[in-house]
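The chain contents come next:
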Amino acid sequence: MIETSSKIKAPTLVDPFGRTIDYLRLSVTDRCNLRCTYCMAEDMTFLPKQQILSLEELHDTAAAFVELGIRKIRLTGGEPLIRRNIVKLVSLLTALPGLDEVTMTTNGLLLPTMAQPLKEAGLSRLNISIDSLKSERFKQLTRVGNLEEVIAGINAATVAGFKKVKLNAVIMAGFNDDEVIDLAKFAVDQGLDISFIEEMPLGEIDSHQRVKTQITSSNLREKLASEFNLINSAETTGGPSRYLQVANSDSKIGFISPMSNNFCESCNRVRLTAEGRLLLCLGNEHSMDLRELLRSYPGDRNLLKSKITEALKTKPERHYFDPEQVDILRFMNMTGG
Ligand code: SAM
Ligand code: SF4
């Protein structure tokens, strides 16, 4: 449904449950230079290049979404920084009239050379994933990663002067739950925010049994409260994190709790996979193929907009994740985090 009001100049996308959808997560590739155990299987088959949306198709789709009322786009993947011409895409998107901001989630490895160009292209905020501060463990969790490179990436992002740099850590019992306080201290020392994420059962993996590594945000909050004075914060960045302010610091600690504390009621987002499938919900398969449309009717913005509006009618009310089983076969790198 599209609504217009006298106060809001642009149309507003509203789903069947009355939620305004103004946030698009755009996956620009399913490939990655890491192989995080919770995100991917070790031996992955990636999409053939011709199935991935071109830069022009990404731009056209984003433009249609913005005309429909999307105000914020987060670039993700896979690893968005390995997508060729990503800086150019950022410039194209930030030039779209009506879009408030373009942000990105990255593993940070390529930021030492790319942070400054991304900032100059207009990217406003960065989320950087870092799940451990121990080199050996970081390598184990990412299968191939070098912790020093991520830290160099975080430093480069800080120097580049983004409006906000936030860290993200997926916490798994028995793997890195003993590092929650150290990760939070690391963020506080640098004046950064950090969000702790509950692991979701997306995709069949063989490195561990997800049901055994589940740990809830409230458990982590208790651990953190033993070390920090945490003050409730009403702040939201338009995403699913619920924040606490760390007293006497510039940092906030966020919790993303898709398993223990369903946040679907306030869902304001949809996702576009790298091959152009519009996903209405991370935890459901409801989707619409936009690539076929983009390639059969290139440049037909109105048709694209009407298909997006039609797809929105199928946005589910909520997700139901069960860590005992994998209902969603899609890996997180396909989905775009
Ligand atoms: N490669 C980039 C990165 O790692 O930041 C962006 C894509 S990644 C899929 C986006 C976010 O999803 C990361 O913060 C990652 O830790 C998180 N993630 C991946 N698989 C997950 C899972 N199964 N459950 C919860 N979070 C997951
Ligand atoms: Fe790559 Fe990000 Fe998935 Fe890790 S979480 S494998 S960095 S896409």
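A. A look at the pairing of strand β5 (residues 72-76). With respect to burial, β5 is a largely interior element, 5 of its 5 residues being buried. Because side chains alternate across β5, one face comprises the buried residues K72, R74 and T76, and the other comprises I73 and L75, equally buried. By the bridge criterion, 5 bridges tie strand β4 (residues 23-27) to β5 in an arrangement that is parallel. Within the sheet, the bridge partner assigned to S27 lies in β5 and is T76. With helix α1 (residues 55-68) bridging β4 and its parallel neighbour β5, the resulting β-α-β unit is right-handed. Relative to strand β6 (residues 101-106), β5 is paired through 4 bridges, and the arrangement is parallel. Across the sheet, I73 pairs through a bridge with V102, a residue of β6. The β-α-β motif built from β5, the intervening helix α2 (residues 86-94) and the parallel element β6 has right-handed crossover chirality.

B. Structural detail: the packing of α1 against α2. Between α1 and α2, the shortest axis-to-axis distance is 10 Å and the interhelical angle comes to 25 degrees. With respect to α2, the axis of α1 lies roughly parallel. Of the two possible hands of crossing, α1 and α2 adopt the one that is right-handed. Between α1 and α2, the contacting residues are L55, L58, H59 and A62 on the first element and K88, L89, L92 and L93 on the second.

C. Local environment of the site of ligand 1. Neighbouring residues of ligand 1: 19 residues in total, closest Y38, G78, E79, S129 and M200. In this structure, an oxygen atom belonging to ligand 1 sits 3.0 Å away from a side-chain N or O atom of Y38. Contact distances for ligand 1 include 3.1 Å between a nitrogen atom and a side-chain N or O atom of E79. Mapped by element, the contributors of at least two residues to the shell around ligand 1 are β6, β8 (164-171) and β9 (193-198). Its residues assigned to classes, the shell around ligand 1 comprises 6 nonpolar, 9 polar and 4 charged.

D. Expanded view of the pattern of salt bridges. What the rule picks out here adds up to 13 salt bridges. Two residues, D15 and R19, come together in a salt bridge whose shortest N-O distance is 2.7 Å. A relative accessible area of 8% places R19 in the buried class. Between R137 and D178 there is a salt bridge whose closest N-O contact spans 2.7 Å. Taken as a pair, R137 in helix α4 (residues 135-142) and D178 in the loop between β8 and α6 (180-189) lie far apart in primary sequence, 41 residues in all.

E. Spatial organisation of helix α8 (residues 217-225). Along α8, the residues classified as buried are S217, L220 and L224. Projected down its long axis, α8 carries its buried residues within an arc of 60 degrees, all on one side. The inward-facing, buried residues of α8 contact β8, α6, β9, β10 (230-232) and β12 (252-256).

F. View of the sheet that holds β4. Here we have 12 strands laid out as an open sheet, ordered β10-β11-β12-β9-β8-β7-β6-β5-β4-β13-β14-β15, and mixed in their pairing. Two strands in the sheet have a free side with no partner beyond their single neighbour: β10 and β15 (287-289). Between one strand and the next, the sheet's axes are offset by a mean angle of 25 degrees, whatever the strand orientation. Two elements, β9 and β12, share 4 bridges in a ladder whose sense is parallel.

G. Representation of the layout of surface pockets in the model. The space that makes up the largest pocket amounts to roughly 290 Å³. Along the wall of the largest pocket there are 13 residues; nearest its centre are V28, K49, I52, R83 and R84. Tallied by class, residues from the lining of the largest pocket come to 5 nonpolar, 3 polar and 5 charged. Approximately 180 Å³ is the volume attributed to the second largest pocket.

H. Expanded view of unusual backbone geometry. The phi angle at N85 is positive, at roughly 65 degrees, despite the residue not being glycine. Among the secondary structure elements, N85 is positioned in the loop between β5 and α2. Residue N85 is classed as partly exposed on the basis of its relative accessible area of 45%. Not every positive phi belongs to a glycine, and R143 is a case in point at roughly 70 degrees. As for its placement among the helices and strands, R143 is situated in the loop between α4 and α5 (147-160).

I. Region of interest: the confidence of the model for the protein chain. On average, residues of the protein chain carry a pLDDT of 91, and 93% of them reach 70 or more. In the model, residues 4-8 has pLDDT below 50 throughout and makes 1 contact with residues more than four positions away in sequence or in other chains.

J. Local environment of the state of the cysteines. Taken as a whole and judged by the stated rule, the model has 0 disulfides. Not engaged in a disulfide, the cysteine C267 finds its nearest cysteine sulfur in C264; these two sulfurs lie 6.6 Å apart.

Conventions adopted
- Residues numbered from 1 in each chain as written.
- Chains lettered and ligands numbered in written order.
- Predicted model: local features only at pLDDT ≥ 70, side-chain atom pairs only at ≥ 80, totals over all residues.
- Heavy atoms only, no water.
- Buried < 20%, exposed > 50% of the residue type's maximum accessible area, 1.4 Å probe, protein only.
- Helix = DSSP H or I, 4+ residues; strand = E, 2+ residues; numbered from the N terminus.
- Pairing = 2+ DSSP bridges.
- Right-handed = clockwise from strand over helix to strand, strands pointing away.
- Axes fitted to C-alpha atoms, helices over the stretch in contact; angles between N-to-C directions.
- Parallel < 35°, antiparallel > 145°, perpendicular 65-115°, else oblique.
- Left-handed = near helix turned anticlockwise from the far one by under 90°.
- Contact = heavy atoms within 4.5 Å.
- Near = heavy atom within 4 Å.
- Polar contact = N/O pair within 3.5 Å; in protein donor to acceptor, adjacent residues only side chain to side chain.
- Nonpolar A, V, L, I, M, F, W, Y, C, P; charged D, E, K, R; others polar.
- Salt bridge = Lys/Arg side-chain N within 4 Å of Asp/Glu carboxyl O.
- Arc of directions from axis to C-beta.
- 1 Å grid on protein atoms, 1.4 Å probe; cavity = no way out; pocket = protein on both sides within 12 Å on 5 of 7 lines; lining within 4 Å.
- Points joined across faces, edges and corners; volume = space filled by probe spheres on them.
- pLDDT = per-residue confidence, 0-100.
- Disulfide = S-S within 2.5 Å.

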